[in-house]
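Chain by chain, the residues:
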Amino acid sequence: QVQLVESGGGLVQDGGSLRLSCIASGRTFTRNTMAWFRQTPGKEREFVAAFRGSGGFTPYADSVKGRFTISRDNGKNVLYLQMNNLKREDTAVYYCAARSDSEVLIVAGAYDYWGQGTQVTVSS
């Protein structure tokens, strides 16, 4: 059974940093695209960043470019999201997702596996 488990969320002040982790189990995703999405109440799940399994392509949402960095440790089957200079509008539940192939897509419906989410709250 495939599981994605996020951790690292929490409460941080405006301008602060957090690093989210997503540990995958049940299969390896070395060659698969993995991504981060986020969601706030009443809104659709929003793309944040993605990492193609083979590397070399890591798109970001415009709202996080230059502040967030996605990375992965294939040996440990872990996906990371380093978030710097956090802003109040980054407050959301952050989800880890994975596809069954290496195509990089930015719509939530294209992903086959999801974690349970981790809350990130940025206060002023």
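Each remark here, short or long, concerns the structure printed above.
Every chain is numbered on its own, with residues counted from 1 as its sequence reads. Owing to the predicted nature of the model, reporting of local features is limited to residues with pLDDT of at least 70; listing and counting of side-chain atom pairs is limited to 80 or more, with chain, interface and lining totals taken over all residues. Side-chain descriptors were evaluated using all non-hydrogen atoms of the structure, hydrogens and water having been removed beforehand.

Overview of the pattern of salt bridges
Consideration 1: By convention in these notes, a salt bridge is any Lys or Arg side-chain nitrogen within 4 Å of a carboxyl oxygen on Asp or Glu. Counting across every chain of the model gives six salt bridges.
Consideration 2: With a closest N to O distance of 2.9 Å, R38 and D90 form a salt bridge. Of this pair, R38 sits in strand 4 (residues 34–39) while D90 sits in the loop between strand 7 (78–83) and strand 8 (92–98), and the two are 52 residues apart along the sequence.
Consideration 3: Burial classes follow relative accessibility: with a 1.4 Å probe on protein chains only, a residue under 20% of its type's maximum area counts as buried, one over 50% as exposed, and anything between as partly exposed. A relative accessible area of 6% means that R38 is categorised as buried.
Consideration 4: On the accessibility criterion, D90 (0% relative accessible area) is buried.
Consideration 5: For the salt bridge of R67 with D90, the shortest nitrogen-to-oxygen distance reads 2.7 Å. Here D90 lies in the loop between strand 7 and strand 8 and R67 lies in the loop between strand 5 (46–51) and strand 6 (68–73), a separation of 23 residues in the sequence.
Consideration 6: What emerges from the salt-bridge pattern is a single network uniting R38, E46, R67 and D90. To qualify as a helix, a DSSP run of H or I must reach at least 4 residues; to qualify as a strand, a run of E must reach at least 2; elements of each kind are numbered from the N terminus.

A closer look at the side chain of D90
Consideration 1: Definition of a polar contact: a pair of N or O atoms within 3.5 Å, with one able to donate and the other able to accept a hydrogen when the atoms are protein atoms, and with sequence-neighbouring residues admitted only if both atoms are side-chain atoms. For D90, the side chain forms a polar contact with the side chain of R38, separated by 2.9 Å.
Consideration 2: One polar contact links the side chain of D90 to the main-chain amide nitrogen of K87, over a distance of 2.8 Å.
Consideration 3: Sequence-distant contacts of D90, defined by excluding residues within four places in its chain, comprise R38, R67, F68, N85, V120 and V122. Residue contacts follow a heavy-atom distance rule, with two residues in contact if any of their heavy atoms lie within 4.5 Å.

Side note on the environment of S123
Consideration 1: Residue position: S123 is located in strand 10 (residues 118–123).
Consideration 2: Here S123 falls in the partly exposed class, since its relative accessible area comes to 26%.
Consideration 3: In sequence terms S123 and C22 are 101 residues apart; their C-alpha atoms lie 24 Å from each other.
Consideration 4: The contact partners of S123, leaving out residues within four places of it in the chain, are L11, V12, Q13, D14 and R88.

A word on the environment of T30
Consideration 1: Its location among the elements puts T30 in the loop between strand 3 (18–25) and strand 4.
Consideration 2: Exposure remark for T30: the relative accessible area of 34% places this residue in the partly exposed category.
Consideration 3: Sequence spacing of T30 and D73 is 43 residues, and the spatial spacing of their C-alpha atoms is 8.9 Å.
Consideration 4: Leaving out residues up to four positions away in the same chain, T30 has contacts with G53, S54, R72 and N74.

Observations concerning the sheet that holds strand 6
Consideration 1: We treat two strands as partners when DSSP finds at least two bridges between them. What the four strands build is an open sheet, ordered 1-3-7-6; its pairing is antiparallel. Sheet topology places strand 1 (3–7) and strand 6 at the edges, where each strand pairs with a single neighbour. In this sheet, neighbouring strand axes are inclined to one another by 15 degrees on average, regardless of whether the strands run parallel or antiparallel.
Consideration 2: The pairing of strand 1 with strand 3 spans five bridges and is antiparallel. Working convention: axes come from line fits to C-alpha atoms, limited for helices to the stretch in contact. Angles between N-to-C directions cover 0 to 180 degrees.

Concerning the nonpolar core
Consideration 1: Grouped together as the largest cluster of nonpolar side chains are 35 residues, with contacts concentrated most on W36, L81, M83 and Y94.
Consideration 2: Elements supplying a minimum of two residues to this core: strand 3, strand 4, strand 5, strand 6, strand 7, strand 8 and strand 10.
Consideration 3: Not counting chain neighbours up to four residues away, the residues in contact with M83 comprise G16, S17, L18, L20, R67, F68, Y94 and V120. For this analysis, a nonpolar core means a set of buried residues of the types Ala, Val, Leu, Ile, Met, Phe, Trp, Tyr and Cys, connected via side-chain atoms within 4.5 Å.

Taken by themselves, the reported measurements are silent on function.
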